[in-house]
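Chains, contacts and geometry: an overview
Here's the letter readout for the chains.
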Amino acid sequence: KRALLAVYRDRETVDADGKRYGLYANIGSPAEAEAAAATGAEGVGLFRTEFLFMDRTSVPSETEQMEAYQAVSRTMAGKEVIIRTLDVGGDKAIDYLGMDKEENPFLGHRAIRYCLDRPDLYKVQLRALLRAGAELRNIKIMLPLVTSLEEIRGARALLEQCKSELESEGLPYDKDISLGIMVETPAAALIADLLAQESDFFSIGTNDLTQYVMAVDRGNAKVEKLYTTFHPAVLRSIRNVIQTAKQAGIPVGMCGEAAADPCLIPLLMSWGLDEFSVSASSVLATRARIHHWRSEEAGQVAQEAMSLSTAAGVQGYLKANARD
Ligand code: PEP
Ligand code: MG
């Protein structure tokens with residue numbers, strides 16, 4: 001199977017009608033960027049920067065962060081690199097940040113909420129990103145766990161502050177760096193039209209979106225059965241986000257696990273997803289699967305799937321119609 005897939009390494013990601021899609025990789029380190037590039041990823045759709053902050057005793061310096069982001073930028077020269085700012089909290093604890101123990105960490109002081117309350121720390125990361133983007137201008141900044149316009153405005157204000165500081169220090173930076181958001185909360189999915197006015201791009205985080213739409217802990221085995229992207233509520237959320245982004249004229253990708261699910265490919269294609277971001281090991285299989293669909297057939301499957309009323313019904317139907 002691997003050998004068969006190898007023929008897709010140097011191909012474009014197109015459906016059977018020749019329509020093009022972006023096929024990016026999710027990474028957690030500069031080394032993973034190299035593996036992703038080697039397997040034919042067309043960019044990085046999610047660089048999880050928390051890994052830079054883990055397994056150490058203090059915050060990585062601006063230079064250290066800049067070097068890590070620059071390494072990925074260079075590995076992906078000529079391709080987009082979407083770097084997510086620190087997504088701390090929830091299931092990702094970092095001891096030296098001195099975060100309080102919380103009753104409900106997934107509903108707590110995490111991700112963009114924490115970062116906006118710690119501008120001292122957040123500005124180091126934003127400055128490192130701006131500076132790392134100066135050379136090849138292929139870095140984009142992505143905010144995790146957004147629920148409101150104020151969060152985007154807060155982050156943008158800090159980004160502008162960092163730009164003027166770098167300007168007066170005479171340090172090179174990317175003046176036009178894009179700022180986009182992860183859509184991974186029900187709040188963001190429901191006000192996607194409003195958020196799109198102030199975001200340069202969207203990326204759908206189905207891991208958290210599924211957890212929050214279904215009110216089910218993504219790490220709790222006892223409620224595992226309820227954690228399903230095939231639930232009509234999750235699928236309607238995804239469809240709304242993609243279609244809203246299209247109407248607003250901004251690019252929309254998906255970087256949650258669902259992007260690599262063969263069952264969902266026809267739905268995501270027919271709704272107009274621009275970019276699939278998957279782990280390096282899923283890049284070639286996803287490219288091959290996209291190749292197998294004509295847009296008309298994908299549209300029919302999507303329509304039928306969305307007419308079904310239970311997660312089990314949707315999943316059964318899509319499994320029977322998946323192409324591998
Ligand atoms: C997601 O929530 O879908 C996602 C991609 O981010 P993470 O898994 O890091 O929370
Ligand atoms: Mg997430």
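Cut-off values and rules
Think of each chain on its own: its residues are numbered from 1, step by step along the sequence as written. Written order decides the labels, with chains lettered from A and ligands numbered from 1. Residue-level local features of this predicted model are given only where pLDDT is at least 70; pairs of side-chain atoms are given and counted only at 80 or more, and the full residue set underlies all totals for whole chains, interfaces and linings. The numbering of helices and of strands both runs from the N terminus, where a helix is a DSSP run of H or I of at least 4 residues and a strand a run of E of at least 2. Residue burial here comes from a neighbour count, namely the number of other C-beta atoms, placed from the backbone, that lie within 10 Å of the residue's own C-beta, with 20 or more meaning buried, 12 or fewer meaning exposed, and in between meaning partly exposed. Note on contacts: each residue gets a C-beta atom placed from the backbone, and two residues are in contact if those atoms are within 7 Å. Linking buried Ala, Val, Leu, Ile, Met, Phe, Trp, Tyr and Cys residues through C-beta atoms within 7 Å yields a set, and such a set is a nonpolar core. The criterion for a residue being near a molecule or strand is simple: its C-beta atom, placed using the backbone, must lie within 6 Å of it. Classes in brief: Ala, Val, Leu, Ile, Met, Phe, Trp, Tyr, Cys and Pro nonpolar; Asp, Glu, Lys and Arg charged; the others, Gly included, polar. A strand pair is defined by DSSP finding two or more bridges across the two strands. Think of each axis as a best-fit line through the C-alpha atoms, taken over the contacting stretch in the case of a helix, with angles from 0 to 180 degrees between the N-to-C directions. The pLDDT value tells you how sure the predictor is about a given residue, anywhere from 0 up to 100.

1. A short note on the environment of Leu126
Residue placement: Leu126 occurs in helix α6 (residues 119–132). On the basis of neighbour count, Leu126 is assigned to the buried category, with 26 C-beta atoms found within 10 Å. Sequence separation of Leu126 and Met306 is 180 residues, and the distance between their C-alpha atoms is 40 Å. Setting aside anything within four residues of it in sequence, one finds Leu126 in contact with Leu158, Leu159 and Cys162.

2. A few points about the nonpolar core
One finds Val44 and Val241 to be the most contacted residues of the largest nonpolar core, which totals 94 residues. No other element matches the seven residues that α6 contributes to this core.

3. Some thoughts on the site of ligand 1
Around ligand 1, the surrounding shell consists of Leu46, Arg48, Asp87, Glu184, Gly205, Thr206, Asn207, Asp208, Cys255 and Gly256. Mapped onto the shell around ligand 1, the elements with two or more residues apiece are β2 (43–48) and α10 (206–214). The dominant element in the shell around ligand 1, judged by the number of residues it contributes, is α10, at three residues. Here the shell around ligand 1 is built from residues that sort into two nonpolar, four polar and four charged.

4. What to know about the sheet that holds strand β6 (residues 202–204)
Reading around the barrel, the eight strands line up as β1-β2-β3-β4-β5-β6-β7-β8 and close back on themselves, with parallel pairing between neighbours. Here the strands of the sheet are splayed against their neighbours by 25 degrees on average, with no regard to which way each runs.

5. Brief notes about the confidence of the model for the protein
For the protein, the mean per-residue pLDDT works out to 96, and 99% of the residues sit at or above 70. Note on the complex model: pTM 0.97, ipTM 0.99.

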